[in-house]
Each structure stands twice: as C-alpha cells, then as structure tokens.
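These are the residues of each chain, in order.
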Amino acid sequence: MEKIRVVIENTQKTVKIPTGVRLLMRRCCHAVLEMEHFEGSAQVDITLVDNQQIRKYNKEHRHIDAVTDVLSFPLGENGHYDVNPENGAYMLGDIVLSVERALEQAEQFGHSLQREIGYLTVHSMLHLLGYDHVDGGLEAVRMREKEEAVMSSIGLPRGESYVLSPDEKGRRR
C-alpha cells in the first residue's frame with residue numbers, strides 16, 4: 001500500500017469529538033489496508049453524523065427506518081475501484097458514522113468512545129473491501145476475526161468486560 005487519504009467531515013454537533021479521534025480513524029483505515037495487503041494509494045471519505053442524520057441515510061439507502069451505528073457505501077466491486085483523477089488513488093467508498101450512537105454503544109459495552117469509533121471504522125473499512133456479515137456463517141466469523149486482529153494491532157483489543165445485549169445478534173465489539 002502506498003498511501004491512504006482519509007477525508008473526515010463532522011456534520012453533527014451532538015457529541016464533542018475527543019482529541020485524537022480523527023488520527024485514530026486514519027490509523028484504523030491504514031491498518032485494515034495494511035492487513036489486507038492493499039496495493040496502491042486509496043481514498044476513503046468519512047462523515048460523522050448524529051442519530052437523526054444516520055436514520056435518514058438508513059431509510060433513504062437501505063429502506064430501514066431506524067438508527068444504526070455506521071453505514072458503508074463501497075465504490076468498488078470484486079477488488080476493482082474507481083480512480084480519483086486528481087491523485088490516482090483508488091476510491092474505496094464512503095463511511096457514515098453516528099457519533100451519538102457510538103457513544104451510546106461505548107457506554108453499553110463498557111469501553112471508551114475512541115475504541116467504539118475505532119471498531120466501527122475498521123468494521124466499515126472491511127465492508128468497503130467486500131467483506132460482509134449479514135448472512136452470518138463463515139463469512140461473518142472471518143470478518144470478526146479480521147476486526148479483532150486490526151483492533152489488537154493498533155492497541156485496542158477487545159476486553160473481557162464487554163457485555164452483549166440480546167439485540168446485538170452475535171455482534172462483538
């Protein structure tokens with residue numbers, strides 16, 4: 001991997017973004033691409049939103065009228081991506097992350113907002129690269145293993161104290 005350009009836009013005012021979170025998100029993106037042995041330069045756009053905004057995106061793009069934590073909009077398929085003509089970088093896609101929901105989940109799972117945002121960034125990056133967990137099974141297990149490997153590599157491994165709620169349907173943080 002040559003270099004990654006991560007463009008982060010904060011459109012919400014509900015939660016103050018802690019110092020270092022933008023750097024953490026960039027590190028997460030880089031760590032995923034490094035783990036996946038991604039060749040060439042890449043670009044990812046991340047928009048930080050509140051619950052109301054992500055609900056609107058979720059309804060508009062997935063026809064689900066509910067708040068979610070993060071949405072991924074891949075621009076590539078089967079390892080083929082559009083190229084940004086200005087810088088030659090592969091445009092992997094867009095990530096829309098609800099900071100408000102991330103804060104709620106951080107409290108629910110008993111860890112920091114930084115760890116939750118890092119996890120959601122890693123999770124979405126894997127989606128941008130074609131990984132999926134919707135149907136469960138082996139693909140979901142592989143995705144979880146990769147998430148935890150990246151989180152450990154950046155110093156944010158899953159702790160023993162995280163408690164899953166019944167509505168998490170097997171999702172691990």
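To keep things clear, this report deals only with the structure shown in the data block. (Residues numbered from 1 in each chain as written. Predicted model: local features only at pLDDT ≥ 70, side-chain atom pairs only at ≥ 80, totals over all residues. Heavy atoms only, no water.)

Re the packing of helix α1 (residues 21-35) against helix α4 (residues 113-128)
Short version of the rule: Throughout, an axis means a line fitted to C-alpha atoms (over the contacting stretch in the case of helices), and angles, computed between N-to-C directions, take values from 0 to 180 degrees. Secondary structure elements follow DSSP: runs of H or I of four or more residues count as helices, runs of E of two or more count as strands, with numbering from the N terminus. Take the far helix as your reference; a near helix turned counterclockwise from it by less than a right angle gives a left-handed crossing, and one turned clockwise gives a right-handed crossing. Only heavy atoms matter for contacts: two residues are in contact if any of them lie within 4.5 Å across the pair. Polar here means any residue other than Ala, Val, Leu, Ile, Met, Phe, Trp, Tyr, Cys and Pro, which are nonpolar, and Asp, Glu, Lys and Arg, which are charged; Gly is therefore polar.
At their nearest, the axes of α1 and α4 sit 9 Å apart, and the two run at 35° to each other. The handedness of the crossing between α1 and α4 is right-handed. Contacts between α1 and α4 involve V21, L24, M25, C28, C29, V32, L33 and M35 from the first element and Q114, I117, G118, T121, V122, M125 and L126 from the second. When its residues are assigned to classes, the contact of α1 with α4 shows twelve nonpolar, three polar and no charged.

Regarding the environment of V15
Looking at the secondary structure, you find V15 in the loop between β1 (4-10) and α1. For the pair formed by V15 and I46, sequence separation is 31 residues and the distance between their alpha carbons is 16 Å. Sequence-distant contacts of V15, defined by excluding residues within four places in its chain, comprise V99, E100, L103 and L113.

With respect to the packing of helix α3 (residues 99-109) against α4
Orientation of α3 relative to α4, taken along the N-to-C sense of each, is 115°, at an axis distance of 8 Å. Where α3 crosses over α4, the two elements pack in a sense that is right-handed. Residues V99, A102, L103, Q105, A106 and F109 of α3 pack against L113, E116, I117 and L120 of α4.

Describing the pairing of β1
To keep things clear, this is the line we draw: When DSSP locates at least two bridges between a pair of strands, those strands are taken to pair. Seen with the strands pointing away from the viewer, any crossover whose path from the first strand over the helix to the second strand runs clockwise is right-handed.
As defined by bridge partners, β1 adjoins strand β2 (residues 42-49) across seven bridges and the pair is classed as parallel. When the sheet's bridge partners are listed, I8 is paired in β2 with I46. Where the polypeptide runs from β1 across α1 and back to β2, its parallel neighbour, the crossover connection is left-handed.

Considering the nonpolar core
Rule in force here: By nonpolar core we mean a set of buried residues, namely Ala, Val, Leu, Ile, Met, Phe, Trp, Tyr and Cys, connected to one another through side-chain atoms within 4.5 Å. Note on classification: 1.4 Å probe, protein chains only; a residue is buried when its accessible area is under 20% of the maximum for its type, exposed when over 50%, partly exposed between these limits.
Of all hydrophobic cores here, the largest spans 39 residues; its most connected members are I46, L92, L97 and M125. Secondary structure elements with two or more residues in this core: β1, α1, β2, β5 (90-98), α3, α4 and α5 (137-153). L97 has contacts with M25, T47, L48, V49, I54, D69, V70, A102, I117, L120 and T121, leaving out every residue within four places of it along the chain.

Looking at the environment of A140
You can see A140 is positioned in helix α5. What makes A140 buried here is its relative accessible area of 14%. Once you skip the residues sitting within four places of it in the chain, A140 turns out to touch D132 and H133.

A closer look at the side chain of H111
Test applied: Throughout this description, a polar contact denotes any pair of N or O atoms lying within 3.5 Å of each other; where both atoms belong to protein, one of them has to be capable of donating a hydrogen while the other can accept it, and for residues adjacent in sequence the pair is counted only when both atoms sit in side chains.
Examined against the element boundaries, H111 turns out to sit in the loop between α3 and α4. Looking at H111, its side chain comes within polar contact range of the side chain of E116, at 2.7 Å.

Details of the pattern of salt bridges
The cut-off we apply is this: A pair is scored as a salt bridge if a Lys or Arg side-chain nitrogen falls within 4 Å of a carboxyl oxygen belonging to Asp or Glu.
Within this structure, the stated rule accounts for six salt bridges. Linking R55 and D65 is a salt bridge whose minimum nitrogen-to-oxygen distance equals 2.8 Å. Note that R55 is positioned in helix α2 (residues 51-62) and D65 in the loop between α2 and β3 (70-74), a separation of ten residues in sequence. You can call R55 partly exposed: its relative accessible area is 37%. Note that R142 and E139 form a salt bridge whose closest N and O atoms lie 3.7 Å from each other. One end of the pair is R142 and the other is E139, both in helix α5 and three residues apart, which spans about a single turn. R142 sits in the partly exposed class, given a relative accessible area of 36%.

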